[in-house]
Amino acid sequence: MIPFRFLHAADLHLDSRFIGLAHIPPSVRSYLKESTFAALGRLVGVAVQEKVDFVVISGDIYDISDASLQGQLRFQEALQELGRHDIGVFLIHGNHDPLDGPRLTSEPPKHVTVFGSEEPVHAVGYRRSDGKEVAIVSGISYPTAKVTENTALTFHRKQGSSLFHIALLHGNVDGDLQHETYSPCTRRDLIERGYDYWALGHIHTRSILLERPAIVYPGNIQGRSIKETGPKGCYVVDVDEEGGTTLHFHELDSVRWWVKEISIEGLSNEAEWIEAVERAVEEIREMHPQAMSVVRFRLTGRGNVHRLLAEKGAAEDLLAELQRRETMLAERQEYNGLVWTEGFAVESGLAIDREQLLLEDSFLGEMLRIAMRSENNPSELDDLINTALQPLMENQELRKLLSSVGADEKLDWLRQAAELGVTLLNGREDSAEEVANPPYRQAGGQKDEH
Ligand SMILES: [Mn+2]
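Labelled according to an unreviewed UniProt entry, the protein chain appears under the name DNA repair exonuclease, originating from Paenibacillus monticola.

The structure is reproduced here in structure tokens:
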């Protein structure tokens, strides 16, 4: 085979709206909103600098099928820039930007191949230095938002061609149940098609499922929520004479998402806790000085500081202060090294002797015993939660919302309720007033936004 180099990216989600983040000042929001475009700009930069022969993009170029005009124009601009450097582009559309989406209807420029939704065709990839044919590239787009057939099975090698074969597919390989099962297929299906490189999209977590044939999810180019943590970018792939591949990951994101754990164990007062959080913020700033970070802190462990978090709303107070400081940076346009704390997940508890409490003949002891039993018995957990939710179920809207709550979330509720009970009742069972006004709260962003 003839050695060559290409760039593989997917899930650009251009002009993503970052709806998961609440209470963001305009100065921070505008930077977030620009981040998917900034990542696209860096992608073009990498393609030019690394002298790739062509670029493949595996679907979800736009965030919504009714893509914004700005998203479309800026993508066209990026394509033109690649064209100026003679870099060809092969792309497909995915479940977020299917072919039937109401977008500008214009013929793609000559150096851009947009694959349709019919059986994959065989396009040719060229080496820029000498114009030699080096690869057969095939792909299949989503005609509408929902494709549930196994479209991988429609790929077949070009007869009689010994060139390196690349397949562009937007779909779910080996049923990752965290994602909706669009275009489901198995690793075996892909291997059997005889292609050399499966350029996948759809799953936003970067992963190399197999080395030969290469089956690769590059992940999205810019994280969009607290569920998409860590570096985001694309792969530059070198194909050697034997058809082997070497992949180099290039970071493209300008906003990095983090979830960081801070244990409250051993912290004896509020000042020590604040110091621990501030230190964690500065650590992130040092680790990622060239761009903005968004972080959620998980407060874990057992200690007396928990009482401040649960009863005084200390996390909410500190959150407001941390955000105020970073807003000042944003207003001065100092986005590099800005660390936006999006919220605290209070998962900590009081320093208690749980074993001792479980044996106690008291209201608290009984409560913990019920909680423990329900934790280990799904039907008991359901009963307990259904009884507790009874009053809410009378409201039609709430009933609809609550019916979609999963087992993990129910377990979470139970644990949080048990901790709340311990915080409120431990050592002061007479205090009926406090129980009547539970001060529990979770500061900041929702725990589970989509
Ligand atoms: Mn996607």
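Explanation requested: the overall build of the protein chain in the structure shown.
Within the protein chain one finds twelve helices and 17 strands. For the C-alpha atoms alone, the extent of the protein chain along its principal axes is close to 85 × 50 × 40 Å. For the protein chain, with 450 residues in total, the buried portion stands at 48%. Here the protein chain displays about 21700 Å² of accessible surface, and carbon together with sulfur accounts for 50% of that area.

Got a minute to help me understand unusual backbone geometry in this structure?
Cis geometry is found at the peptide bond from arginine 212 to proline 213, where omega equals -5°. One can find proline 213 in the loop between strand S11 (207–211) and strand S12 (214–217). One non-glycine residue, serine 183, lies in positive phi territory at about 40°. A relative accessible area of 1% places serine 183 in the buried class.

When you look at the sheet that holds strand S3 (residues 88–92) in this model, what are you seeing that I'm missing?
Paired through their backbone hydrogen bonds, the strands of a sheet run either parallel or antiparallel. With mixed pairing, six strands are arranged side by side in an open sheet as S4-S3-S2-S1-S13-S14. Bordering the open sheet on either side are strand S4 (112–114) and strand S14 (245–251), each of which pairs with just one other strand. Neighbour-to-neighbour, the strand axes of this sheet turn through a mean angle of 20°, independent of strand direction. As paired strands, strand S13 (residues 233–239) and S14 are joined by seven bridges and run antiparallel to one another. Residue pairing for S14: cysteine 234 is matched across the bridge by histidine 250. Packed on one face of the sheet, helix H1 (residues 26–49) meets strand S1 (4–9), strand S2 (54–58), S13 and S14 and runs near 170° to S1. On top of the sheet, helix H2 (residues 69–84) reaches S2, S3 and S4; it is set at about 145° to S3, its chief contact.

Teacher, can you tell me more about the packing of helix H8 (residues 363–375) against helix H9 (residues 378–393) here?
Helix packing for two helices is described by the angle between their axes and how far apart those axes are. The contact between H8 and H9 brings their axes to 6 Å, and the two run at 125°. It follows from the interaxial angle that H8 and H9 lie oblique. Contact with H8, carried on its side by Ile370, Arg373 and Ser374, involves Pro378, Glu380, Leu381 and Leu384 of H9 and no other residues of that element. Of the residues that constitute the contact of H8 with H9, the class distribution is four nonpolar, one polar and two charged.

Can you walk me through the pairing of S11 in this structure?
Each regular strand carries side chains that alternate between the two faces of the sheet. Direction of pairing for S11 relative to S12: antiparallel, over a ladder of four bridges. Residue serine 207 lies in a different strand from S12, and its bridge partner there is tyrosine 217. Between S11 and S12, which follow one another and run antiparallel, lie two residues.

Where do I start with the coordination of the manganese ion in this structure?
Around a metal, the perfect tetrahedron of four donors has angles of 109.5 degrees, and the perfect octahedron of six donors has angles of 90 or 180 degrees. On the protein side, the manganese ion has Asp11 (OD), His13 (NE2), Asp60 (OD) and His204 (NE2) as donor atoms, found 2.1 to 2.3 Å from it. Considered as a linear motif, the donors of the manganese ion on their single chain read D-x1-H-x46-D-x143-H. Taken together, the residues aspartate 11 in the loop between S1 and H1 and histidine 204 in the loop between strand S10 (197–201) and S11 connect sequence positions 193 residues apart. The exposure classification of aspartate 11 matches that of histidine 204, with both residues buried.

Looking at this model, I keep getting lost on a nonpolar patch on the surface. Mind explaining?
A cluster of nonpolar residues, Leu69, Leu73 and Leu104, forms a patch on the protein surface that exposes about 270 Å² of accessible area. Accessibility expressed as a relative area gives 48% for leucine 69, which makes it partly exposed.

I'm lost on the packing of aromatic side chains in this one. Help?
The geometry of an aromatic ring pair is captured by two quantities: the separation of the ring centres and the angle between the planes. Under the definition given, this model contains 17 aromatic pairs. Note on phenylalanine 6 and phenylalanine 54: the rings are 5.7 Å apart at their centroids and 15° apart in plane angle, and the pair reads as stacked. In this pair, phenylalanine 6 is assigned in strand S1 and phenylalanine 54 in strand S2, connecting sequence segments 48 residues apart. The pair formed by phenylalanine 6 and phenylalanine 54 is uniform in burial state, with each residue classed as buried. Between tyrosine 195 and tryptophan 198, the ring centres sit 5.5 Å apart and the planes meet at 45°, which makes this aromatic pair tilted. A relative accessible area of 3% means that tyrosine 195 is categorised as buried. Overall, tryptophan 198 belongs to the buried group, its relative accessible area being 0%. Grouped by ring-pair contacts, the aromatic residues Phe4, Phe6, Phe54, Phe90, Phe115, Phe164 and Tyr197 constitute a single cluster. Directly above the ring of phenylalanine 37 sits arginine 74, whose terminal nitrogen or CZ lies 4.2 Å from the centroid. The ring of phenylalanine 249 carries the charged tip of arginine 206 above its face, separated from the ring centre by 3.6 Å.

Could you clarify how one ought to interpret helix H11 (residues 407–425) in this entry?
Given 3.6 residues to a turn, an α-helix orients residues that are three or four positions apart in the same direction. For H11, spanning 19 residues, the distance from its first C-alpha to its last is 27 Å, which sits close to the expected 27 Å at 1.5 Å a residue. For H11, every residue scored as buried is listed here: Lys410, Leu411, Leu414, Ala418, Glu419, Gly421, Val422, Thr423, Leu424 and Leu425.

I'm lost on the domain arrangement of the protein chain in this one. Help?
Reports of interface size often rely on the accessible area that becomes lost once the parts have come together. With domains assigned, the protein chain is organised as domain 1 (4–251) and domain 2 (254–352). The centre of domain 1, based on its C-alpha atoms, is set 35 Å off from the matching centre of domain 2. When domain 1 packs against domain 2, the two sides together hide about 1700 Å² of surface, and 66% of this comes from carbon and sulfur. Put simply, domain 1 and domain 2 have one salt bridge between them. Note that glutamate 251 and arginine 256 form a salt bridge whose closest N and O atoms lie 3.2 Å from each other. Inspection of the region where domain 1 meets domain 2 yields six residue pairs in polar contact (both at pLDDT 80 or more).

How should the pairing of strand S5 (residues 123–126) be read in this particular structure?
Residues of S5 alternate between two faces, with Ala123 and Gly125 buried on one and Val124 and Tyr126 left unburied on the opposite face. Pairing of S5 with strand S6 (residues 133–139), which is carried by four bridges, proceeds in the antiparallel orientation. In the sheet register, valine 124 faces S6, and the bridge partner there is isoleucine 136. From the end of S5 to the start of S6, which pair antiparallel, there are six residues, and glycine 131 there has a positive phi angle of about 70°.

Calculation notes
Residues numbered from 1 in each chain as written. Predicted model: local features only at pLDDT ≥ 70, side-chain atom pairs only at ≥ 80, totals over all residues. Heavy atoms only, no water. Helix = DSSP H or I, 4+ residues; strand = E, 2+ residues; numbered from the N terminus. Buried < 20%, exposed > 50% of the residue type's maximum accessible area, 1.4 Å probe, protein only. Areas by Shrake-Rupley, 256 points an atom, 1.4 Å probe, with all protein chains shown as cover. Pairing = 2+ DSSP bridges. Axes fitted to C-alpha atoms, helices over the stretch in contact; angles between N-to-C directions. Contact = heavy atoms within 4.5 Å. Parallel < 35°, antiparallel > 145°, perpendicular 65-115°, else oblique. Nonpolar A, V, L, I, M, F, W, Y, C, P; charged D, E, K, R; others polar. Donors = N, O, S within 2.8 Å, 3.2 Å for Na, K, Ca; no water. Patch = residues over 30% accessible without salt bridge, like charges linked within 9 Å, V, L, I, M, F, W, Y side chains within 5 Å. Salt bridge = Lys/Arg side-chain N within 4 Å of Asp/Glu carboxyl O. Phe/Tyr/Trp six-rings, centres within 6.5 Å; stacked < 30°, edge-to-face > 60°. Lys NZ or Arg CZ within 6 Å of the ring centre and 35° of its normal. Expected span 1.5 Å × (residues − 1). Domains from an automatic or database assignment. Buried area = accessible area lost by both parts, 1.4 Å probe. Polar contact = N/O pair within 3.5 Å; in protein donor to acceptor, adjacent residues only side chain to side chain.

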